[in-house]
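Single-letter residue listing:
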Amino acid sequence: MIPRRYERLKQVLSKRQPDLTVLTEDVHKPHNLSAIIRTCDAVGVFEVHGVNSNSKVPTYSQVAQGTEKWVQIHTHNHIKTAIANLQESGFKIYAAHLSEEALDYRDIDYTHPTAILVGAEKYGVSDLAAELVDGHIIIPMMGMVQSLNVSVAAAVILFEAQRQRLAAQMYDRVNLDPEIFNKVLFEWGYPELAAMYQRRGNPYPSLDEQGNIIH
Ligand code: SAM
């Protein structure tokens, strides 16, 4: 790996925000999933969560290509367990949901551990998810159409989170656990080798200052 690329990978990883995430509920159109992951990468989301209750429609892993390889994908079997797992890990979950009780998305403090739940293209957030989350948020709509495309809604909210986190200097320090940082750095820098080490069940080797493998 050339040193410039190694530096770039380290720089991007050092800005990742493990306590900011998106949970998609039955979002199934590949171009929407792809656009959400691309925005996650741009904002510095480390891991995105998805629930897909209909196995006939694409999942994140089936649309993964290009930008998607820079964002970790966690697929859950059910929205209830996805929400419970995130809440147990300390996340407050806000459903982007056009409900009576929804707050303006700019009134939330995204510097705390936050997950943004977005709903399916046609049906939106399910009643169960709307009930289980910590709050609802809305992007005010002034036009004739009632809702935005799901990937656009996710982007608007994520960039507000980025704005707040930039103001709080949260991109100026490394937020990832050092062990995870080094593991992902190896996977980004040496994807084929990383897959081989995984197949064999061996730990990854260490890298020197220039990103070369230490044998
Ligand atoms: N008919 C659906 C409904 O009533 O929720 C519309 C679904 S919308 C196309 C897909 C998802 O995008 C929603 O579930 C929500 O998460 C998000 N979304 C779209 N526009 C939004 C807005 N103005 N405020 C908050 N979330 C929005």
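Residues numbered from 1 in each chain as written. Predicted model: local features only at pLDDT ≥ 70, side-chain atom pairs only at ≥ 80, totals over all residues. Heavy atoms only, no water.

Draft legend 1. The arrangement of helix 6 (residues 150–167) in detail. Taking 1.5 Å per residue, 18 residues should reach 26 Å; helix 6 reaches 26 Å between its end C-alpha atoms and fits that length. Among the residues of helix 6, those classed as buried are V150, S151, A153, A154, A155, I157, L158, E160, A161, Q162, Q164 and R165. Next to the buried residues of helix 6 lie strand 1 (20–25), helix 2 (30–43), strand 4 (92–96), strand 6 (114–118) and strand 7 (135–138). (Helix = DSSP H or I, 4+ residues; strand = E, 2+ residues; numbered from the N terminus. Expected span 1.5 Å × (residues − 1). Buried < 20%, exposed > 50% of the residue type's maximum accessible area, 1.4 Å probe, protein only. Contact = heavy atoms within 4.5 Å.)

Draft legend 2. Up close: the domain arrangement of the chain. By domain assignment, the chain separates into domain 1 (1–16 + 178–215) and domain 2 (17–167). A straight line from the C-alpha centre of domain 1 to that of domain 2 covers 28 Å. Each partner contributes residues to the interface: domain 1 has eight residues there, and domain 2 has 10 residues. Run the count over domain 1 and domain 2 and you get one salt bridge. For D41, the salt bridge is made with R16, and the minimal N-O distance between the two is 2.6 Å. Remark: the boundary between domain 1 and domain 2 carries three residue pairs in polar contact (both at pLDDT 80 or more). Put simply, the parts of the chain that give the side of domain 1 that touches domain 2 at least two residues each are helix 1 (3–14) and helix 7 (178–189). (Domains from an automatic or database assignment. Salt bridge = Lys/Arg side-chain N within 4 Å of Asp/Glu carboxyl O. Polar contact = N/O pair within 3.5 Å; in protein donor to acceptor, adjacent residues only side chain to side chain.)

Draft legend 3. Structural detail: the site of the ligand. The local shell around the ligand holds 17 residues, among which A96, G119, G124, I139 and L148 are the closest. In this structure, a nitrogen atom belonging to the ligand sits 3.2 Å away from a main-chain N or O atom of K122. Compared with its free state, where it exposes 560 Å², the ligand has 84% of that area covered by protein. At the level of secondary structure, the elements contributing two or more residues to the shell around the ligand comprise strand 7 and helix 6. Along the lines of polarity and charge, the residues of the shell around the ligand split into 12 nonpolar, three polar and two charged. (Near = heavy atom within 4 Å. Areas by Shrake-Rupley, 256 points an atom, 1.4 Å probe, with all protein chains shown as cover. Nonpolar A, V, L, I, M, F, W, Y, C, P; charged D, E, K, R; others polar.)

Draft legend 4. Up close: the packing of aromatic side chains. Scanning all chains against the criterion turns up five aromatic pairs. Between W70 and W188, the aromatic rings sit 5.0 Å apart at their centres with planes inclined by 85°, giving edge-to-face as the arrangement. Of this pair, W70 sits in the loop between helix 3 (60–63) and strand 3 (72–76) while W188 sits in helix 7; the two residues are 118 residues apart in sequence, bridging distant segments of the chain. Judged by relative accessible area, which is 19%, W70 ranks as buried. Judged by its relative accessible area of 7%, W188 falls in the buried class. Between the aromatic rings of Y197 and Y204, the centroid separation amounts to 6.3 Å while the plane-to-plane angle is 85°, which identifies the pairing as edge-to-face. Of the residues examined, Y197 reaches a relative accessible area of 18% and is grouped as buried. Among the aromatic residues, those joined into a cluster by ring pairs are F186, Y190, Y197 and Y204. (Phe/Tyr/Trp six-rings, centres within 6.5 Å; stacked < 30°, edge-to-face > 60°.)

Draft legend 5. Structural context of the environment of D172. Topologically, D172 is positioned in the loop between helix 6 and helix 7. Residue D172 is classed as exposed on the basis of its relative accessible area of 61%. Each C-alpha atom, one on D172 and one on K69, is 23 Å from the other, the two residues being 103 residues apart in sequence.

Draft legend 6. The pairing of strand 1, seen in detail. Among the six residues in strand 1, six count as buried, and that is most of the element. Here strand 1 shows no split at all, with L20, V22 and T24 on one side and T21, L23 and E25 on the other all buried. Where strand 1 lies against strand 6, five bridges are found, and the strand directions are parallel. Pairing of T21 across the sheet is with A115, part of strand 6. When strand 1 meets strand 2 (residues 47–51), the two strands line up parallel, connected through three bridges. (Pairing = 2+ DSSP bridges.)

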